[in-house]
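# Structure at a glance
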Protein chains: 2
Amino acid sequence: MSIRIGILGYGNLGRGVECAVKQNADMELAAVFTRRSPQELSILTKTAAVCSVNEIMEWKDKIDVLILCGGSATDLPEQSPKMASAFHIVDSFDTHAKIPEHFANVDAAAKEGGKTAIISIGWDPGMFSLSRMYANAILPDGKDYTFWGKGVSQGHSDAIRRIKGVKNAKQYTIPVEEALEAVRNGENPELTVRQKHIRECFVVLEDEEDAARVEEEIKTMPNYFADYDTIVHFISEEELLREHSGIPHGGFVLRSGKTGWDNENNHLIEYSLKLDSNPEFTSNVIVAYARAAYRLAAQGATGCKTAFDIPPAYLSAKSGEELRAELL
Amino acid sequence: MSIRIGILGYGNLGRGVECAVKQNADMELAAVFTRRSPQELSILTKTAAVCSVNEIMEWKDKIDVLILCGGSATDLPEQSPKMASAFHIVDSFDTHAKIPEHFANVDAAAKEGGKTAIISIGWDPGMFSLSRMYANAILPDGKDYTFWGKGVSQGHSDAIRRIKGVKNAKQYTIPVEEALEAVRNGENPELTVRQKHIRECFVVLEDEEDAARVEEEIKTMPNYFADYDTIVHFISEEELLREHSGIPHGGFVLRSGKTGWDNENNHLIEYSLKLDSNPEFTSNVIVAYARAAYRLAAQGATGCKTAFDIPPAYLSAKSGEELRAELL
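Note that the structure is a prediction, hence the values are computed from the model and not measured.

Thresholds, definitions, all that
Residues numbered from 1 in each chain as written. Chains lettered and ligands numbered in written order. Predicted model: local features only at pLDDT ≥ 70, side-chain atom pairs only at ≥ 80, totals over all residues. Heavy atoms only, no water. Helix = DSSP H or I, 4+ residues; strand = E, 2+ residues; numbered from the N terminus. Rg over C-alpha atoms; globule rule 2.2 N^0.38 Å. Contact = heavy atoms within 4.5 Å. Phe/Tyr/Trp six-rings, centres within 6.5 Å; stacked < 30°, edge-to-face > 60°. Lys NZ or Arg CZ within 6 Å of the ring centre and 35° of its normal. Salt bridge = Lys/Arg side-chain N within 4 Å of Asp/Glu carboxyl O. Buried < 20%, exposed > 50% of the residue type's maximum accessible area, 1.4 Å probe, protein only. Core = buried A, V, L, I, M, F, W, Y, C linked by side-chain atoms within 4.5 Å. Axes fitted to C-alpha atoms, helices over the stretch in contact; angles between N-to-C directions. Parallel < 35°, antiparallel > 145°, perpendicular 65-115°, else oblique. Nonpolar A, V, L, I, M, F, W, Y, C, P; charged D, E, K, R; others polar. Patch = residues over 30% accessible without salt bridge, like charges linked within 9 Å, V, L, I, M, F, W, Y side chains within 5 Å. Areas by Shrake-Rupley, 256 points an atom, 1.4 Å probe, with all protein chains shown as cover. Lys, Arg positive; Asp, Glu negative; His and termini not counted. Charge placed at Lys NZ, Arg CZ, Asp CG, Glu CD. Left-handed = near helix turned anticlockwise from the far one by under 90°. Buried area = accessible area lost by both parts, 1.4 Å probe. Polar contact = N/O pair within 3.5 Å; in protein donor to acceptor, adjacent residues only side chain to side chain. Pairing = 2+ DSSP bridges. Least-squares fit on C-alpha atoms with pLDDT ≥ 70 in both. Disulfide = S-S within 2.5 Å.

## Here's the deal with the overall build of chain A
What chain A contains, in helices and strands, is 11 helices and 14 strands. Relative to the compact-globule value of 20 Å for 328 residues, chain A shows a C-alpha radius of gyration of 22 Å, a close match. Viewed in the frame of its principal axes, chain A has a C-alpha envelope of about 65 × 60 × 35 Å. Considering only residue pairs separated by 6 or more positions, chain A has 68% of its internal contacts joining residues 24 or more positions apart.

Here you go:
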């Protein structure tokens, strides 16, 4: 019997989850729930229903795990607790500073409803968090580094698009190679934000005469760009759409640490991702954790969990015997 | 209250575990058990006992987790089941092909004794296995690669030392950079053993006239060297001891996979280790899993587990709240 998946929200992430479900033979997509009019929404999976979010509670017995594909700013803080009282859920809540609060809200709702909820799944938080946690447990005496990119930052691209006179824009976050090498060489550098990442911007102007002003506004924008070395290219909208319409991302998690009676030996643990599609990779991680949610629920587990709480084997379609024989 | 650790076997691994325990404030070394005469063994931890292995059963109530530091060829197949019936244990059994058999033997003994056993802990098997497993669960449509090195292979060094006329030797396994790059570029290459690793040997001869014969014997040795590009250097014993007495190791686990409705997007997951001391890093992993064994035992878990079965958070001295706030 397949694990019946529901998707709430059909943007880039929702479509990614739909593709990920197709790759996993033990799952099927049951329904996509949208705030739009269902008649206006066309999905890829011909066997799945498209429904209004207003009907979602009628699906309580027809869905095993509901995957929330909304945004962390406004959607998930409201949706995750609400849905966790009625469904086993997985979300990708990624506002690091607010995770403890989100965890508490979802935990209370899931416990009240007798459901399993897994939050903050993806690659950061998610696989990067796991890498940091394992590496910290293994090397208690050490130092952590996380670098992001090369990849598109949606938040920084949006910030540029809000500048007067900007028609369109895309911003890439790029790790500084020298900083990465210093970490890999065991130098344990103290790095400023400027020393860790470069910001490269491709900008389409409404009017070319605004170039100097727009460049200045970008480079001096507090929080987003002022603390970084920022490169600004002005290009045509045609070039932007042709060369910069992908949403690649990735990054590096490193921990450098010491062992030995007198701390005489150095070790480096490095985990990295190079992703053509940020939302599709995130979706594949989420779908593996949907399998874990299904299994935890079958054991009667209730309440909120994160990647730290889930036995790795729960993510895999393979049996314990297969995993030990093939991958251990 | 500290977790009381026992060590069985005091070679490189046992000493590494002793150093690792010192780094973890929630643990203390209670005793080291040796097959040698205890009077002949001097350890680093002044507060710990040194005992004959024959007395080990008297320590059943004075040790929380026993760490087995013997070899996989002959020690662990016998010791792990025997000890698992009386102690919560962790071992580093690393003969991949025999893991299913070892698991079954330890599982039966641990269940009979009501104990928790965790086997095959270290970096391969261990952290590399976890990387393979997570990456396979996330990217079901993909291809795995494992490269080892640069590092010292004890087995290959021993094989050279068994050749007539060889006084001493050290063998380094080195990954082929071009092969690694091809994998990183998403080329999904089919690689022969020769294309993946180079074997570099540093050899001290009894008599320099044997050089040509010894080099030929090394390069044509079946299984160990014949299928590889092998480089042989003859050096003085002085140089060998000065330049090649470390036991560094490391390696790379990669999975290249596809997502998207028509498999149109590529992704690369890479995990790598660069280790000054193979046994000390292995020891640090083992000690983190000793914490997990202690916690599982406190919950009443019995039987054999591997890294695949253990929630990541069990490895860390931090609380769930701390982990979510600091590392998620």
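## Quick notes on unusual backbone geometry
Residues and elements named next belong to chain B. The peptide bond linking D124 to P125 adopts the cis configuration, its omega dihedral lying at 5°. Mapping P125 onto the fold places it in the loop between β6 (116–118) and α4 (127–138). Between G149 and K150 the backbone carries a cis peptide bond, its omega angle lying at 0°. Its place among the elements puts K150 in the loop between β7 (142–148) and β8 (151–152).

## Notes on the packing of aromatic side chains
Evaluation of the coordinates by the stated rule reveals nine aromatic pairs over all chains. An aromatic cluster is defined as three or more aromatic residues linked by ring pairs; in this entry it consists of W123, F128 and Y271 of chain A. Above the plane of the ring of F147 of chain A lies K196 of chain A, whose end atom (NZ or CZ) is 5.2 Å from the centre. Note that R324 of chain A overlies the ring of F103 of chain B, its terminal NZ or CZ placed 3.6 Å from the centroid.

## Topic: the pattern of salt bridges
This structure, assessed with the given rule, holds 36 salt bridges over all chains. Across the pair R161 of chain B and D158 of chain B runs a salt bridge, and its minimum N-O distance is 2.6 Å. One end of the pair is R161 of chain B and the other is D158 of chain B, both in helix α5 (residues 154–161) and three residues apart, which spans about a single turn. Residue class for R161 of chain B comes out partly exposed when judged on its relative accessible area of 28%. With relative accessibility at 30%, the residue D158 of chain B sits in the partly exposed group. Ionic pairing is found between E217 of chain B and R213 of chain B, a salt bridge with its closest N-O pair at 2.8 Å. You can see E217 of chain B and its partner R213 of chain B sitting in helix α8 (residues 211–219), four residues apart, about one turn around the helix. A single network of salt bridges, built from pairs that share partners, joins E177, E181, R184 and E270 of chain A.

## What about the nonpolar core?
If you look at the biggest cluster of nonpolar residues, it comprises 161 residues, and the most contacted ones within it are L66 and Y289 of chain A together with I5, L66 and Y289 of chain B. The residues touching Y289 of chain B, leaving out its near neighbours within four places in the chain, are Y134 of chain A together with V90, I118, I121, L130, A307, I310 and L315 of chain B.

## Remarks on the packing of helix α4 (residues 127–138) of chain A against helix α10 (residues 278–298) of chain B
For any two helices packed against each other, the geometry comes down to the angle between their axes and how far apart the axes lie. Orientation of α4 of chain A relative to α10 of chain B, taken along the N-to-C sense of each, is 105°, at an axis distance of 8 Å. By the angle class used here, α4 of chain A and α10 of chain B are roughly perpendicular. Facing α4 of chain A, whose interface residues are Y134, A137 and I138 of chain A, α10 of chain B presents F281, N284, V285, A288 and Y289 of chain B. Considered class by class, the residues forming the contact of α4 of chain A with α10 of chain B number seven nonpolar, one polar and no charged.

## Some remarks on a negative patch on the surface
Residues and elements named next belong to chain A. Together, E206, D207, E208 and E209 give the surface a local cluster of negative charge. By the secondary structure assignment, D207 is in the loop between β10 (197–205) and α8 (211–219). On the basis of relative accessible area, D207 is assigned to the partly exposed category, the value being 39%.

## Section: the packing of helix α2 (residues 75–84) of chain A against helix α3 (residues 99–113) of chain A
All names here are of chain A. Relative to each other, α2 and α3 sit at 20°, their axes nearing to 7 Å. When the axes of α2 and α3 are compared, the pair comes out roughly parallel. By crossing handedness, the relation of α2 to α3 is classed as right-handed. Where α2 abuts α3, its residues L76, P77, S80, P81 and A84 lie against H102, N105, V106, A109 and A110.

## Here's the deal with the interface of chain A and chain B
On the chain B side, the residues contacting the 69 residues of chain A number 69 residues. Surface buried jointly by chain A and chain B totals about 6000 Å² across both partners, of which 63% is contributed by carbon and sulfur atoms. The interface formed by chain A and chain B holds zero salt bridges in total. Our enumeration of links across chain A and chain B arrives at 29 residue pairs in polar contact (both at pLDDT 80 or more). Listing elements by their share of the side of chain A that touches chain B, those giving two or more residues are α1 (12–23), α3, α4, β12 (249–259), β13 (265–275), α10 (278–298) and α11 (320–326) of chain A. For the side of chain A that touches chain B, the leading source of residues is β13 of chain A, giving 11 residues. The residue inventory of the side of chain A that touches chain B, partitioned by class, reads 35 nonpolar, 19 polar and 15 charged. Pairing of β13 of chain A with strand β13 (residues 265–275) of chain B, which is carried by nine bridges, proceeds in the antiparallel orientation. Looking across to β13 of chain B, one finds that S272 of chain A is bridged to E270 of chain B.

## So, the sheet that holds strand β1 (residues 3–8) of chain A
Residue and element names in this part refer to chain A. Taken in spatial order, the seven strands of this open sheet run β3-β2-β1-β4-β5-β6-β14, and their pairing is parallel. Looking at the sheet topology across the chains shown, the edges are occupied by β3 (49–52) and β14 (303–305). On average, each strand axis in the sheet is inclined to that of its neighbour by 25°, with strand direction left out of account. Both strand β2 (residues 27–34) and β3 contribute to a ladder of four bridges, which runs parallel. Bridged to T34 within β3 is S52. In the packing of α3 onto the sheet, the strands contacted are β5 (88–90), β6 (116–118) and β14, and the crossing angle to β14 comes to about 140°.

## A word on the relation of the copies chain A and chain B
Each of the two chain copies goes to the other by way of a rotation about an axis and a shift along it. The operation relating chain A to chain B is a screw motion whose rotation component is 180°, with 0.0 Å of axial translation and a residual RMSD of 0.0 Å. Given the turn and translation reported, the copies of this chain are related as if by a two-fold rotation axis. Here 100% of the interface residues in chain A have copies in chain B that are interface residues too; the copies meet face to matching face.

## Remarks on the state of the cysteines
Under the definition given, this model contains zero disulfides over all chains. With no disulfide partner, C304 of chain A has as its closest neighbouring cysteine sulfur the one in C69 of chain A, 17 Å distant.

## Comments concerning the environment of S52 of chain B
Residue and element names in this part refer to chain B. Looking at the element boundaries, S52 is found in strand β3 (residues 49–52). Judged by relative accessible area, S52 falls into the buried class, the value being 12%. For the pair formed by S52 and V32, sequence separation is 20 residues and the distance between their alpha carbons is 8.4 Å. Excluding anything up to four places from it in sequence, S52 contacts F33, T34 and P38.

That's the geometry; what it means functionally is another story.
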